[in-house]
Amino acid sequence: MGTQPVIIKAQPDSRFILAFPVDQATIERPEDSDSLVFTFSDGSIVEIEGFYEQYTKDNLPEFEIEGQSIAGVDFFEAFAPDIEPAAGVGVSAKGGRYTNYGDLDLMDGIRHINDLDWGMMLPTQEDETRETAGLDYGG
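Predicted, not measured: the structure shown is a model, and the values here were computed from it. (Residues numbered from 1 in each chain as written. Predicted model: local features only at pLDDT ≥ 70, side-chain atom pairs only at ≥ 80, totals over all residues. Heavy atoms only, no water.)

### A short note on the confidence of the model for the protein
Line of reasoning, step 1. Residues of the protein with pLDDT of at least 70 account for 60%, and the chain-wide mean is 75.
Line of reasoning, step 2. In the model, residues 89–104 has pLDDT below 50 throughout and makes 2 contacts with residues more than four positions away in sequence or in other chains. (pLDDT = per-residue confidence, 0-100. Contact = heavy atoms within 4.5 Å.)

### Remarks on the nonpolar core
Line of reasoning, step 1. Grouped together as the largest cluster of nonpolar side chains are 22 residues, with contacts concentrated most on L18, L36, F38, F51, F75 and F76.
Line of reasoning, step 2. Of all elements in the fold, only β2 (15–18), β3 (25–28), β4 (36–40), β5 (45–49), α1 (51–54), β6 (62–65) and α2 (72–79) reach the threshold of two or more residues within this core.
Line of reasoning, step 3. Look past the residues within four positions of F38 in its chain and what remains in contact with it is L18, F20, A25, T26, I27, S44, I45, V46, I48 and F75. (Core = buried A, V, L, I, M, F, W, Y, C linked by side-chain atoms within 4.5 Å. Buried < 20%, exposed > 50% of the residue type's maximum accessible area, 1.4 Å probe, protein only. Helix = DSSP H or I, 4+ residues; strand = E, 2+ residues; numbered from the N terminus.)

### Quick look at the side chain of S14
Line of reasoning, step 1. Relative to the elements of secondary structure, S14 occurs in the loop between β1 (6–9) and β2.
Line of reasoning, step 2. Residue classification places S14 among the buried positions, given a relative accessible area of 18%.
Line of reasoning, step 3. A polar side-chain atom of S14 sits 3.4 Å from a polar atom in the side chain of Y55.
Line of reasoning, step 4. For S14, the residues in contact, after removing those within four places along its chain, are Y55, P61 and E62. (Polar contact = N/O pair within 3.5 Å; in protein donor to acceptor, adjacent residues only side chain to side chain.)

### Structural notes on the environment of A86
Line of reasoning, step 1. Looking at the element boundaries, A86 is found in the loop between α2 and α3 (89–95).
Line of reasoning, step 2. In this structure A86 comes out as exposed when scored by relative accessible area, which is 58%.
Line of reasoning, step 3. A sequence separation of 30 residues divides A86 from T56, and the C-alpha atoms of the two residues are 5.6 Å apart.

### Focus on the sheet that holds β3
Line of reasoning, step 1. The 4 strands lie next to each other as β1-β5-β4-β3, forming an open sheet whose pairing is mixed. Two strands close off the open sheet at either side, each with one partner strand: β1 and β3. The sheet shows a mean angle of 15 degrees between the axes of neighbouring strands, direction not considered.
Line of reasoning, step 2. Strand direction decides the pairing type here: β3 and β4, joined by 4 bridges, are antiparallel. Residue pairing across strands places A25 opposite F40, the latter belonging to β4. (Pairing = 2+ DSSP bridges. Axes fitted to C-alpha atoms, helices over the stretch in contact; angles between N-to-C directions.)

If you want it as structure tokens, here you go:
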């Protein structure tokens, strides 16, 4: 008979003290689950239930491993980069409008951004020379 899984409910502003060798665990987010699960070769399981409901990339908790505090971002980067929580709702809502320009072709340079770069609108020496010479170049 296997051991009982240890289930911890995720809470806001938590700090997780991991009293086990994290590098010897498989860290995963089971399909259709909001839990962060640590599985060990002996069949032991530690589950942080509701982890992905409670936390986003913007508000990750701290982890303590072997007495060392590790920021959530650093924890996931070191041990589980493939399952790091996504950015929060506010970030994706703000960033959504940029997808309108996601497929722009940059082969033609940056002229398609129009007047966004005010420095591009300043007259150049060439412009001043053309104006002095009375040339109309349509630009």
